[in-house]
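What the coordinates show
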Amino acid sequence: MTKLKDKLGFNLFYWDRHFSEALDLMQQKGVKYARLYWDFQSYEIKDDALAWHWRDDAIKQVVDRGMIPVLPFSAGEITGERTWVDETRSYFTVDEIAKFKKFITQIVERYKQYNIIYEAWNEATGFFWVWSWHDAQNDPTVIRSYMNMNRYIAQQVKKIAPDSWFCDLSSVYYPNVHEPFGNNKLAKVIEELKKDVKQTDYISFHPYPLQSINNGMPETLIRDGKIDDLDIPLMYTELGYPLEKSWQGEWNVAQSADKLVRLLLISDAIGIDAMIPYTLRTGQDYSLANSRNKQLELNYIGQAVFDLLDELGDHTFVRQIDTGSHVDFSDDLYVLEYYKGAQLKIAYWTPKETIRQQITWQDYRPELVFETKVKFLNYSDLAKK
């Protein structure tokens, strides 16, 4: 059983002026993972040489604070002007693919003394391998091309740095997400994934629940967030809701904060090994912090996540308590029990309208007011009444 804080981390960008401050804040809260922007840069590809100065410093800062670096591979910076390359079934040339593989080997070799989670090519199931997400999820030749790259990463990790881990897939969608009125987006991708998982320690997904599907409810991950017939731990290496409006949907900050907290709790409850919200970088649609007076300051959504860490970070999930009111994911009442030593606590909410209902918890039957914002109740407080 794992404490909530030992499952959490944050996405970070080294070039953000508050990179070190963000790491300090994460260290104070005791979270475990720092997922780093690790794209191959255009000048590195042109010069056929990696820029070690910033990569070394980024790794050192994370490791020195006792956290585990999570390193996804990508070349997202150069994809905007790309066209289809038939030989590679991507928008990268044969020469670029060869350079990427060389760079990957060099990185694993350079940092082999550290325990690192090396992640698959970032969001190849979306727009970071080909421009067409439909081809990325349905064309068998495209799927095989980026899965072959992922298998190359796995081989290098296992050969060079056996004390590190390989995390496969890094999908922009989660396992069973469906188009509105359509088919499972990732069925063909997961079918290809299953052909070779012998070197895979984790599989990662990026749950950004779409507003077009159940209003972006995080609770649907109970049904859709896992691969039922594959016994490999899952990580959510990106997840989140926007500050206002994005490709994902449009909510106000209070709604996004409520949904993100619920998403983290649901992920914990269904047994996800790591949840890494996007992002503690400032100045983005998904930023959890702002730059204020040249200092890092949590925004409303970021504060909600850190409040959750204050409330439950040292606690471990026990079970979901049956409220006897199951209708469907959108109407349920959710009660999750946590413990810390001999202390018990529940987190409770409902995805829809406010409702008052009595539940049975241990020897008590408290009447609770369920809202979309997560609330908490200590068992010891019931004993005092």
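Preceding block: the structure.
A quick note: this is a predicted structure, and the numbers were derived from the prediction, not measured. (Residues numbered from 1 in each chain as written. Predicted model: local features only at pLDDT ≥ 70, side-chain atom pairs only at ≥ 80, totals over all residues. Heavy atoms only, no water.)

1. Here we look at helix α10 (residues 300-312)
For clarity, the threshold we go by: Here a strand is any run of E in DSSP of at least two residues, a helix any run of H or I of at least four, and the numbering for each starts at the N terminus. Expected span of a helix, by definition, is 1.5 Å for each gap between consecutive residues, and there is one gap fewer than residues. The cut-offs for exposure are 20% and 50% of the maximum accessible area for each residue type, with area from a 1.4 Å probe on protein chains only; residues under the lower value are buried, those over the upper are exposed, and the others partly exposed. Whenever two N or O atoms come within 3.5 Å, that pair is a polar contact, provided that in protein one can donate a hydrogen and the other can accept it, and provided that, for residues adjacent in sequence, both atoms are side-chain atoms.
Given a rise of 1.5 Å per residue, 13 residues ought to cover 18 Å, and the 18 Å separating the end C-alpha atoms of α10 matches this to within 8%. Ile301, Gly302, Ala304, Val305, Phe306, Leu308, Leu309 and Leu312 are the residues of α10 that are buried. N-capping of α10 is provided by Asn299, with a side-chain oxygen placed 3.1 Å from the backbone N of Ile301.

2. Regarding the pattern of salt bridges
Rule in force here: Any carboxyl oxygen of Asp or Glu that lies within 4 Å of a side-chain nitrogen of Lys or Arg is treated as forming a salt bridge with it.
Using the criterion set out here, one finds 26 salt bridges in the structure. Note that Asp310 is salt-bridged to Lys29, the shortest N-O span being 2.5 Å. Highlighted residues: Asp310 in helix α10 and Lys29 in helix α1 (residues 19-29), separated in sequence by 281 residues. By sharing partners, the salt bridges in this structure join Arg35, Glu119 and Glu238 into a single network.

3. Topic: the sheet that holds strand β2 (residues 33-36)
Worth spelling out the cut-off: Pairing between two strands is assigned when DSSP locates at least 2 bridges connecting them. Residue contacts are counted whenever heavy atoms from the two residues lie within 4.5 Å of one another. Axes here refer to lines fitted to C-alpha atoms; in helices the fit is confined to the stretch in contact. Angles between the N-to-C directions go from 0 to 180 degrees.
Across the sheet, which stays open at both edges, the eight strands sit in the order β1-β2-β3-β4-β5-β6-β7-β10 with parallel pairing between neighbours. Bordering the open sheet on either side are β1 (9-12) and β10 (274-275), each of which pairs with just one other strand. Direction of pairing for β2 relative to strand β3 (residues 68-73): parallel, over a ladder of three bridges. What sits directly across from Ala34, in β3, is Pro69. Of the strands in this sheet, β1 and β2 are in contact with α1, which crosses β1 at around 175°.

4. Focus on the sheet that holds strand β14 (residues 334-340)
Taken in spatial order, the four strands line up as β13-β14-β15-β18 in an open sheet, and their pairing is antiparallel. Each edge of the open sheet is held by one strand with a lone partner, namely β13 (316-320) and β18 (375-378). When the angles between neighbouring strand axes are averaged without regard to direction, this sheet yields 30°. Here β14 runs beside strand β15 (residues 343-349); their pairing, made up of seven bridges, is antiparallel. Looking across to β15, one finds that Leu336 is bridged to Ala347. This element, helix α9 (residues 253-269), spans β13, β14 and β15 of the sheet and lies at about 70° to β14.

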